[in-house]
Amino acid sequence: MSKNMSWGGRFAEGPHAATAAYTQSQSFDRALYKQDISASKAHASMLARQGIIPADDARAIVRGLDRVMEEIATGVFVWKPELEDIHMNVEARLIELVGEAGKKLHTGRSRNDQVGLAFRLYVADSIERWQRNAVGLCAVLTKRAARHKRDILPGCTHLQPAQPVSLAQHLLAYAWMFRRDTERLDDTLKRVRVSPLGAAALAGAPYPLDPLGVAGEVGFIAIYGNSMDAVSDRDFALEAIFCAATIMMHLSRLCEEIILWSNPAFGFVRLPDGYSTGSSIMPQKRNPDVAELMRGKTGRVYGALTALLTIMKGLPLAYNRDMQEDKEAFFDADATVESSLRIMADMLDALDFHTDRMRKACSLGFLNATELADYLVAKGLPFREAHHAAGQAVAVAEGKDGGLEDMSLDEFQKIEPRIGRDVYAVLDCAAAVRRRESPGGTGPRSVERQLKQLARWMSNRR
Ligand code: ARG
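Cut-offs used in this document
Residues numbered from 1 in each chain as written. Predicted model: local features only at pLDDT ≥ 70, side-chain atom pairs only at ≥ 80, totals over all residues. Heavy atoms only, no water. Pairing = 2+ DSSP bridges. Helix = DSSP H or I, 4+ residues; strand = E, 2+ residues; numbered from the N terminus. Buried < 20%, exposed > 50% of the residue type's maximum accessible area, 1.4 Å probe, protein only. Contact = heavy atoms within 4.5 Å. Phe/Tyr/Trp six-rings, centres within 6.5 Å; stacked < 30°, edge-to-face > 60°. Lys NZ or Arg CZ within 6 Å of the ring centre and 35° of its normal. Near = heavy atom within 4 Å. Polar contact = N/O pair within 3.5 Å; in protein donor to acceptor, adjacent residues only side chain to side chain. Areas by Shrake-Rupley, 256 points an atom, 1.4 Å probe, with all protein chains shown as cover. Axes fitted to C-alpha atoms, helices over the stretch in contact; angles between N-to-C directions. Parallel < 35°, antiparallel > 145°, perpendicular 65-115°, else oblique. Left-handed = near helix turned anticlockwise from the far one by under 90°. Nonpolar A, V, L, I, M, F, W, Y, C, P; charged D, E, K, R; others polar. Expected span 1.5 Å × (residues − 1). Arc of directions from axis to C-beta.

## Some thoughts on the pairing of strand S1 (residues 152-157)
Step number 1: The sheet contact formed by S1 and strand S2 (residues 160-166) spans six bridges and is antiparallel. Bridge pairing in S2 links Pro154 to Pro164.
Step number 2: Where S1 folds back on S2, the antiparallel hairpin that results is connected by two residues, among which His158 adopts a positive phi of roughly 55 degrees.

## Side note on the side chain of Asp85
Step number 1: Within the secondary structure, Asp85 is located in the loop between helix H4 (55-74) and helix H5 (86-98).
Step number 2: Overall, the relative accessible area of 5% leaves Asp85 in the buried class.
Step number 3: For Asp85, the contacting residues outside a window of four places in its chain are Ser25, Gln26, Asp29 and Arg111.

## Remarks on the packing of aromatic side chains
Step number 1: All told, the structure shown has nine aromatic pairs when counted by the stated rule.
Step number 2: With 6.3 Å between their ring centres and 80 degrees between their planes, Tyr122 and Phe330 make a pair best called edge-to-face. On the criterion of sequence distance, the pair formed by Tyr122 in helix H6 (residues 111-146) and Phe330 in helix H12 (residues 326-350) is long-range, its members being 208 residues apart.
Step number 3: Assessed through its relative accessible area of 0%, Phe330 is described here as buried.
Step number 4: An aromatic cluster is defined as three or more aromatic residues linked by ring pairs; in this entry it consists of Phe119, Tyr122, Trp130, Phe236, Phe330 and Phe331.
Step number 5: The cationic tip of Arg10 hangs over the ring face of Phe11; the distance from NZ or CZ to the ring centre is 5.6 Å.

## Quick look at the site of the ligand
Step number 1: In the vicinity of the ligand, the contacting residues are Ser25, Asp29, Asp85, Arg111, Asn112, Val115, Tyr319, Arg321, Gln324 and Lys327.
Step number 2: Contact distances for the ligand include 3.3 Å between a nitrogen atom and a side-chain N or O atom of Ser25.
Step number 3: Interatomic distance of 3.1 Å between a side-chain N/O atom of Asp85 and a nitrogen atom of the ligand.
Step number 4: Protein chains bury 87% of the 340 Å² of accessible surface belonging to the ligand in isolation.
Step number 5: With three residues, the single largest contributor to the shell around the ligand is H6.

## With respect to the environment of His250
Step number 1: If you trace the backbone, His250 turns up in helix H10 (residues 235-262).
Step number 2: Judged by its relative accessible area of 4%, His250 is buried.
Step number 3: When the C-alpha positions of His250 and Met88 are compared, they lie 40 Å apart, and in sequence the two are 162 residues distant.
Step number 4: Filtering out sequence-adjacent residues up to four positions away, His250 remains in contact with Tyr174, Met177, Phe178, Arg180 and Asp181.

## Comments concerning the packing of helix H14 (residues 369-378) against helix H15 (residues 383-399)
Step number 1: Between H14 and H15, whose axes approach to 8 Å, the crossing angle comes to 135 degrees. By the criterion of interaxial angle, the relationship of H14 to H15 is oblique. Crossing of H14 against H15: the hand is right-handed. Taking contact as the criterion, the partners of Ala369, Leu372, Ala373, Asp374, Leu376 and Val377 in H14 are, on H15, Phe383, Ala386, His387, Ala389, Ala390, Ala393 and Val394.
Step number 2: In the contact of H14 with H15, the residues fall into 11 nonpolar, one polar and one charged.

## Describing H4
Since the α-helix turns once every 3.6 residues, residues separated by three or four places project in the same direction.
Step number 1: The end-to-end C-alpha separation of H4 is 29 Å, in line with the 28 Å expected for 20 residues at 1.5 Å each.
Step number 2: Among the residues making up H4, those that are buried are Asp57, Ala58, Ala60, Ile61, Gly64, Leu65, Val68, Glu71 and Ile72. An end-on view of H4 places all buried positions within 155 degrees of arc, on one side of the element. Within H4, the exposed residues directed more than 90 degrees away from the buried face are Asp56, Arg59, Arg63 and Ala73.
Step number 3: Against the buried residues of H4 lie helix H3 (33-49) and H5.

So this is what it looks like as structure tokens:
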């Protein structure tokens with residue numbers, strides 16, 4: 001194996017082939033090429049502005065880097081595994097192209113601060129993509145919700161029938177989760193868009209660098225406060241993966257609903273053909289594989305989060321090679337969360353809701369028992385006594401295999417004489433939904449307010 005041109009000066013021989021293969025990252029960190037090259041261009045221009053290298057050299061470097069960018073983008077670039085990573089591959093090609101000037105690019109810089117900036121630029125781009133997709137998913141959720149303000153289904157706690165809610169309310173619960181995810185990423189971006197370039201290897205540099213100028217040129221808002229922290233900080237990637245994990249957790253909950261709802265025992269949704277698969281043995285099957293896989297892929301993203309937390313655990317200052325392991329974990333989480341957000345939006349848009357089945361399901365499980373208790377409170381009973389009387393009514397109805405609404409007035413009055421004929425209107429599940437207009441409640445006016453709030457938020461983000 002030949003000596004490495006970037007650091008081989010003090011070595012008599014190059015690394016073993018197995019060592020080179022084990023330590024290289026160019027096979028995957030080439031994904032950072034755009035970010036690496038634009039950061040290098042900004043660095044070269046700054047070096048010239050600060051009088052550290054001649055302006056002509058900086059111009060040659062920028063021209064050469066544009067050419068390298070072009071070569072990589074069009075697939076003609078020749079990658080050299082022995083050059084370890086994206087950074088050294090780009091620099092070596094630059095020197096081939098522009099000669100002596102190219103050798104000045106690395107002045108006042110180390111791969112440690114270089115990779116930090118390139119990776120941060122990449123993570124910032126990914127976050128913006130996730131945000132666009134999360135807003136896109138909110139758009140589908142609100143669009144579908146808008147048509148179901150008055151369609152009701154059993155709302156559950158403990159996955160047991162609790163109180164009736166509108167389908168719109170149920171769908172909007174998820175829109176609010178993805179809105180929160182988007183805003184959480186806004187906050188993360190503040191710490192991602194901080195440039196470490198200028199920290200050099202770990203101690204800073206003896207040149208009159210202008211790190212803030214470089215940061216501004218690549219679109220970042222701030223620079224590091226301490227050079228040792230700068231080159232060994234991966235909090236930004238951890239936070240981003242945590243946000244991705246939270247998005248996947250939310251998606252997995254929605255997947256679980258779709259999986260349950262598509263079971264014929266529920267029959268609340270029919271999966272479109274394009275989003276279900278059959279069985280090789282059971283001809284009747286229509287399996288929710290997309291939703292199941294998304295639920296499963298949530299585990300992958302949690303894995304990436306756990307991996308990076310563990311990679312960083314106990315690392316002494318400053319840069320350690322362990323940190324090279326950050327990229328594949330992030331790339332995998334990135335691809336998973338982005339494709340999941342997209343496919344969920346498309347699948348949801350194509351889902352058939354069986355609102356008749358949802359409404360029928362409201363007659364099971366005494367969803368209107370709370371209505372009876374609230375009715376008795378209105379008749380002057382303290383809530384605890386009202387709760388007790390409603391519970392007795394449930395026991396009577398259950399004994400007859402019916403609902404509360406199937407009980408006779410006589411049966412009601414045996415439990416509580418203050419119950420009148422007007423109880424039947426109160427027990428109606430659709431009416432129960434209509435009454436719940438408290439802030440954020442399931443009533444149609446409350447749902448309408450939520451839709452407006454979400455629409456305003458989405459249009460501000462566009
Ligand atoms: N490929 C390395 C990484 O991804 C770049 C930094 C290497 N620095 C070093 N001194 N070996 O972390």
